[in-house]
Amino acid sequence: MKTVYIASDHAGFSLKNFLVKHLVEKGYAVHDLGPADTARCDYPDSAFAVTSALKKDESAFGILICGTGIGMSMAANRVPGIRAALAACEFHARACRAHNNANVLCLGERVTGPGVAADLADIFLNTDFEGGRHLRRVELFDKKQD
Ligand code: RB5
């Protein structure tokens, strides 16, 4: 059974709750890291709650939702070992797993409706990394940057 850690900010709260229900119904082990209500909160805090969980549970996946998905992806990608991908279409959701070995899916509630978001999550969680030439490129993420 795959494990999913999911969190949002206030702007992603409704979609987060929708996806929690969807993924539980699909049989995933879902850990909802909040928030518990729509009070304004800061998306980096939510992103780092999920990345911290993934550092301790490396075979798990993360899903992060804010208004656009952009802030969540920027914050999560500051963490070594995290490969967060903002997806707005099925091709993104499939390619970020197959080619980039993404371990976090970022979504924007103001961009992507719940039905499409559920499809994107399903594709993300059911697509394997292809490895091969893509592995060498992904390994370059952890090399010195400057
Ligand atoms: C909150 O208004 C909004 O800025 C946030 O959810 C996110 O879209 C940032 O990237």
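Residues numbered from 1 in each chain as written. Predicted model: local features only at pLDDT ≥ 70, side-chain atom pairs only at ≥ 80, totals over all residues. Heavy atoms only, no water.

Draft legend 1. Structural context of the side chain of Ser73. One can find Ser73 in helix α3 (residues 70-76). Excluding anything up to four places from it in sequence, Ser73 contacts Ala84, Leu86 and Cys106. (Helix = DSSP H or I, 4+ residues; strand = E, 2+ residues; numbered from the N terminus. Contact = heavy atoms within 4.5 Å.)

Draft legend 2. Molecular detail of the environment of His99. Its place among the elements puts His99 in the loop between α4 (90-98) and β5 (104-108). When its relative accessible area of 33% is taken as the criterion, His99 is described as partly exposed. Along the primary structure His99 and Lys144 are separated by 45 residues, whereas in three dimensions their C-alpha atoms are 21 Å apart. Residues contacting His99, with those up to four places away along its chain left out, are Phe129, Glu130, His134 and Val138. (Buried < 20%, exposed > 50% of the residue type's maximum accessible area, 1.4 Å probe, protein only.)

Draft legend 3. Up close: unusual backbone geometry. Note the cis peptide between Gly34 and Pro35, where omega equals 5 degrees. One non-glycine residue, Asn101, lies in the positive phi region at around 50 degrees. Position of Asn101 among the secondary structure elements: in the loop between α4 and β5.

Draft legend 4. Here's a closer look at the pattern of salt bridges. Tallied over the full model, the rule gives 3 salt bridges. The partner of Glu25 in a salt bridge is Lys21, with the nearest N and O atoms 3.0 Å apart. Placement of the pair is Glu25 and Lys21 together in helix α1 (residues 13-25), with a separation of 4 residues, close to one helical turn. Of the two residues examined, Glu25 and Lys21, each falls in the exposed class. (Salt bridge = Lys/Arg side-chain N within 4 Å of Asp/Glu carboxyl O.)

Draft legend 5. Inspection of the site of the ligand at higher detail. All residues in the neighbourhood of the ligand are listed as Asp9, His10, Ala11, Tyr43, Cys66, Gly67, Thr68, Gly71 and Arg110. Within the backbone of Thr68, an N or O atom sits 2.9 Å from an oxygen atom of the ligand. Relative to its free-state accessible area of 290 Å², the ligand is covered by the protein chains to the extent of 74%. A class-by-class count of the residues in the shell around the ligand yields 3 nonpolar, 4 polar and 2 charged. (Near = heavy atom within 4 Å. Polar contact = N/O pair within 3.5 Å; in protein donor to acceptor, adjacent residues only side chain to side chain. Areas by Shrake-Rupley, 256 points an atom, 1.4 Å probe, with all protein chains shown as cover. Nonpolar A, V, L, I, M, F, W, Y, C, P; charged D, E, K, R; others polar.)

Draft legend 6. Representation of the nonpolar core within the structure. The biggest cluster of nonpolar side chains holds 25 residues, and the ones touching the most others in it are Leu19, Leu23, Ile63 and Leu107. Mapped onto this core, the elements with two or more residues apiece are β1 (3-8), α1, β3 (61-66), α4, β5 and α5 (114-125). Here this core gets 7 residues from one element, more than from any other, and that element is α5. Excluding anything up to four places from it in sequence, Ile63 contacts Val4, Tyr5, Ile6, Ala7, Leu19, Leu23, Val50, Leu105, Leu107 and Ala121. If you look at the next biggest cluster of nonpolar residues, it comprises 17 residues, including Ala47, Ala60, Leu64 and Ile82. (Core = buried A, V, L, I, M, F, W, Y, C linked by side-chain atoms within 4.5 Å.)

Draft legend 7. Layout of the sheet that holds β5. In spatial order, the strands read β2-β1-β3-β5-β4; together these 5 strands make up an open sheet with parallel pairing. Of all the strands in the sheet, just β2 (29-32) and β4 (84-86) have a single pairing partner and so form its edges. With direction set aside, neighbouring strand axes in the sheet form an average angle of 20 degrees. In the sheet, β1 pairs with β3 via 5 bridges, with the strands oriented parallel. (Pairing = 2+ DSSP bridges. Axes fitted to C-alpha atoms, helices over the stretch in contact; angles between N-to-C directions.)

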